[in-house]
Amino acid sequence: MSTPESGPPAGQADDLPAVAPQLRALRRRASLTLEAAARAAGLSPAHLSRLETGQRQPSLPMLLALARIYGTTVSELLGESVAERDAIVRAADMEPTRAGGWTYHQAGAAGRGMQTLRVNVPHGSQGDIVRVHPGEEWLYVLKGRLRLRLGDSTHLLAPGDSAHFDSLTPHRIAAEDPDGLELLFVHTLLQSPTAALCLGPHTGEMS
């Protein structure tokens, strides 16, 4: 039976490009020590060191694990060119997405560790939806007034006010005024689809 550290010795995986320099560079970019990265990948530090020096070639499961830990893709680990991310998002490129009466505009680049959205919340829309999920959220009120429920507390936020909280705290967002609400919204739950950011099953009574 193969072990988690099993993989073809150097010279027996000629179909793989030389990944050793990339493995070390991406680990350092992620600010991880050899010991920390090895522990997260289920490898010994000695085995990861051999991978980084080219003495062994990684298996595909190892590449997948290391890509996840380093916040990158297998393609980048293999040294393949990665499309450069544009730092600028133009207003004309912010395609709206609508869900549950809310309108979302992507205000940040895709594939980042945070998602940034501009959100329009009509009055009376999804006001009874309570949301709980991993990550952090930061909200900034652009227009209108926000009624924000965090756990057992209710807060009324005006334009210029903001909130920063752990998303595992049950939270609910509602527009206080008939003209609705506009928010700038940042969260760290990258894998969540846009339509599920603030909307979800009712997890409890919060009157």
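One structure accompanies this document, and this report is about it. (Residues numbered from 1 in each chain as written. Predicted model: local features only at pLDDT ≥ 70, side-chain atom pairs only at ≥ 80, totals over all residues. Heavy atoms only, no water.)

## Some details on the pattern of salt bridges
Any two side chains of opposite charge can pair if their charged atoms end up close together.
Link 1 in the chain: Tallied over the entire structure, the rule returns 5 salt bridges.
Link 2 in the chain: Among the ionic pairs, Arg24 bridges to Glu52, the shortest N-O distance being 3.4 Å. Taken together, the positions of Arg24 in helix H1 (residues 20-29) and Glu52 in helix H3 (residues 45-52) put the pair 28 residues apart, joining distant regions of the chain.
Link 3 in the chain: Its relative accessible area of 29% is what places Arg24 among the partly exposed residues.
Link 4 in the chain: The residue Glu176 makes a salt bridge to Arg147 at a minimum N-O spacing of 2.7 Å. Residue Glu176 is found in the loop between strand S8 (171-175) and strand S9 (181-187), and its partner Arg147 is found in strand S5 (residues 146-150); the two are separated by 29 residues along the sequence.
Link 5 in the chain: For Arg147, a relative accessible area of 35% corresponds to the partly exposed category.
Link 6 in the chain: Each of Arg24, Arg27 and Glu52 takes part in a single network of salt bridges with overlapping partners. (Salt bridge = Lys/Arg side-chain N within 4 Å of Asp/Glu carboxyl O. Helix = DSSP H or I, 4+ residues; strand = E, 2+ residues; numbered from the N terminus. Buried < 20%, exposed > 50% of the residue type's maximum accessible area, 1.4 Å probe, protein only.)

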